[in-house]
Amino acid sequence: MAPQRRGAPKGPEGCGAAERGRPNSTKGVRAPRDVRRKWLRVAVLGACTTLAGLLLWGRLGADEDGIAEVLAGRSEVLPGRFIEVPCSEDYDSQRRFEGCTPRKCGRGVSDAVITRDEARRIRSIAEKGLSLGGSDGGASILDLHSGALSVGKHFVNLYRNVRQKVQLAIAQAFGISASSLHLTKPTFFSRINSTAARTAHDEYWHAHVDKVTYGSFDYTSLLYLSDYQDDFGGGRFVFMEEGANRTVEPRAGRVSFFTSGSENLHRVEKVHWGTRYAVTIAFTCNPDHGIADPALTPPGGPSAQPR
């Protein structure tokens, strides 16, 4: 009798039904993963938005009037940056000097005109001169042509070299001949600290136009002799504009220059701590308003007096 073939043993009844009834494990995991991916995308987008905001805030910062764009930051070393703006009508009411009177207006900043060592040496002279006098109200100036500053050959040569380099930078930026520019007065050192103002002359922070304040100015330049946030706080130079002002953060050796009309209304922020040093060097197109560089003061000549 042939042996009977036995079938494969059956599994427990209902096992297949249980497998068929079990939820698909892949589908069960996919939903939480989709949620995690969605939140990851949201987090990345948020991080990118925050980073973009921080980068923008690096260029836009609040000044005392609201939002301001940083035209020149203290950590930047600029070979040159220039912004052209429409000329005001201030130049129409004065005698024009072709090839010099502004037809192209604007403002520029450069860290490549004057070295930091030159700025340091000039600051040393400014500190000595201003230590002999100055305002009790936080803002002091020392006119380089007043005879109140005893100067030697070293300073005269240093100043002439600096003036010539600034003059050339202005001429190149505005497309005019350097020989058509004439140094004009006042040319002065300024020292600003956080001492409270005593008189109206100490209130340096008001907006003004150089051509209104100093009629002979056609082109203004400032050579900074100290560093923003290292030597002093506050004290940024602010070009006043609709919507957003533009600020220049002082840096020793930095030269800021601009046409002197109403197109460049400006002011200086209040200095909150430390001391800010600068020298103003201005030029005119009218030779009748020109002056010579400071001359040697002979031994025994006038020394600086309190102002």
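See the structure shown above.
Remember, predicted model here, so these are calculated numbers, not experimental data.

About the criteria used
- Each residue is numbered by its place in its chain's sequence as written, counting from 1.
- Given that this is a predicted model, residues contribute local features only at a pLDDT of at least 70 and side-chain atom pairs are listed and counted only at 80 or more, while totals for whole chains, interfaces and linings are drawn from all residues.
- Derived side-chain values reflect all non-hydrogen atoms in the structure, with water molecules and hydrogen atoms excluded from consideration.
- In this description a helix means any DSSP run of H or I spanning at least four residues, a strand means any run of E spanning at least two, and both kinds are numbered starting from the N terminus.
- Cysteine sulfurs are considered disulfide-paired once they come within 2.5 Å of each other.
- Think of it in three bands: residues with accessible area under 20% of the maximum for their type are buried, residues over 50% are exposed, and the middle band is partly exposed, with areas taken using a 1.4 Å probe on protein chains only.

Looking at unusual backbone geometry
- In this model, K185 is joined to P186 through a cis peptide bond whose omega is 0°.
- Take P186: it is sitting in strand β6 (residues 182-193).
- The backbone of Q229 sits at a positive phi, close to 70°, despite the residue not being glycine.

Some thoughts on the state of the cysteines
- Taken as a whole and judged by the stated rule, the model has 2 disulfides.
- There is a disulfide in this structure between C87 and C105, and the S-S distance comes to 2.0 Å. Taking the sign of the torsion about the S-S bond as the criterion, the disulfide between C87 and C105, at about 105°, is right-handed. Placement of C87 in the loop between β3 (81-85) and β4 (105-110) and of C105 in strand β4 is noted, with a sequence separation of 18 residues between them.
- Of the residues examined, C87 reaches a relative accessible area of 29% and is grouped as partly exposed.
- Judged by its relative accessible area of 1%, C105 falls in the buried class.
- The connectivity of the disulfides in the chain is 1-3, 2-4, where the numbers refer to bonded cysteines in sequence order.

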